[in-house]
Amino acid sequence: MTNPIGIISMQHQRPFTERDFAQFARWREAGFDFVELLVPEPGELDLAATRKALDGQGLGVVLAARVNLDRNLCSGDAGKRQAGRDYLRTCVDVAHALGARTVGGPLYGNPLVFAGRAPHPVDESLRQRRVDWCVEGLREAAPHAAAAGVVLGVEPLNRFETDTLNTTRQGVALMRLVGHTSIGLVLDTFHMNMEDDDIADAIRAAAGHIAHFQANENHRGYLGTGHVDWTAAVRALADVGYQGTVSLEPFRRNDERIGIPFAQWKPPAREEQAELAASCAFIKNLLHLNGTRR
């Protein structure tokens, strides 16, 4: 397989700005083919300068959307639903300017813990309205994405981060409702490890819908240091013929003092180039060996 392998920049710094462009050379040196960036808010990044800096290092780019309760396809407030739709158009426009082919994330909205919203029961009528609103919003965004050559990737998250889409099978059901080739799925093994019965089976169930794949350990550490069965996952990707982008999002877990918040992105406490390079080589080797095993 020839999947491009990327590094997600979100754990480095929020927001990512021009002063961070020096990271591009380091990531390229570690073996990565692209960088996954958050969709910048207005004024955070000069898009032309960012594309030039990426091109200068031979790096591609994938984008991750930043939804919230105020730009939310599933909101009960029509104005916030419209803001969610407008934001998807903005994401597509930014992607086109940067040369990105994919924008992923929980595009449906409805964040939980990171928006300070606790889980609560949802009656059947509201659940169905949320599904309808989500499908309508994604269908509206799809033609604009298609015209720009961009795929919008909807990402299921674990139950603590959203109450809309948690499992891969739910994601596949949503894809069937939307029914557009410019709307796909982003699969992240960190979330799949919590919510799917079997990661490899879930990947196979999503055949034909995967727009982007995030290869992450169960504890967000470097690949190979957790318990995810990478051989099974990569063989499933090979079985469904997936040759798209694969990104890594390792959090730092080198401080295990009681009370340290593991969910927080932290800057590196020491040089991590060797670990990043090893993680990149680890997944590239598995993809190559299992993609050519037949």
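Structure: see above.
Here's a quick rundown of the structure.

Rules used throughout
- Residues numbered from 1 in each chain as written.
- Predicted model: local features only at pLDDT ≥ 70, side-chain atom pairs only at ≥ 80, totals over all residues.
- Heavy atoms only, no water.
- Helix = DSSP H or I, 4+ residues; strand = E, 2+ residues; numbered from the N terminus.
- Polar contact = N/O pair within 3.5 Å; in protein donor to acceptor, adjacent residues only side chain to side chain.
- Contact = heavy atoms within 4.5 Å.
- Phe/Tyr/Trp six-rings, centres within 6.5 Å; stacked < 30°, edge-to-face > 60°.
- Buried < 20%, exposed > 50% of the residue type's maximum accessible area, 1.4 Å probe, protein only.
- Lys NZ or Arg CZ within 6 Å of the ring centre and 35° of its normal.
- Pairing = 2+ DSSP bridges.

With respect to the side chain of Asn216
1) Next: Along the chain, Asn216 falls in the loop between β7 (210-214) and α8 (230-239).
2) Next: A polar side-chain atom of Asn216 sits 2.7 Å from the main-chain amide nitrogen of Glu249.
3) Next: Discounting chain neighbours no more than four positions away, the residues touching Asn216 are Asp188, Thr189, Phe190, Leu223, Val228, Trp230, Leu248, Glu249 and Pro250.

Thoughts on the packing of aromatic side chains
1) Next: Applying the stated rule across the entire model yields 5 aromatic pairs.
2) Next: Centre to centre, the rings of Phe16 and Phe21 are 6.4 Å apart; their planes meet at 35°, and the pair counts as tilted. Each member of the pair, Phe16 as well as Phe21, is classed as buried.
3) Next: Their ring planes at 50° and their centres at 6.3 Å tell us that Phe24 and Trp27 sit as a pair that is tilted. Pair noted here: Phe24 and Trp27 are both in helix α1 (residues 22-29), with a separation of 3 residues, about one helical turn.
4) Next: The rings of Phe16, Phe21, Phe24 and Trp27 are connected pair by pair, giving a single aromatic cluster.
5) Next: Directly above the ring of Tyr87 sits Arg71, whose terminal nitrogen or CZ lies 3.9 Å from the centroid.

Structural notes on the pairing of strand β1 (residues 5-8)
1) Next: Neither face of β1 is open: one carries Ile5 and Ile7, the other Gly6 and Ile8, and all of them are buried.
2) Next: The pairing of β1 with strand β8 (residues 246-248) spans 3 bridges and is classified as parallel. The residue bridging Gly6 from the neighbouring strand is Ser247, located in β8.
3) Next: With 3 bridges connecting them, β1 and strand β2 (residues 34-38) associate as parallel partners. Each residue of the ladder has a partner; that of Ile7, found in β2, is Val35.

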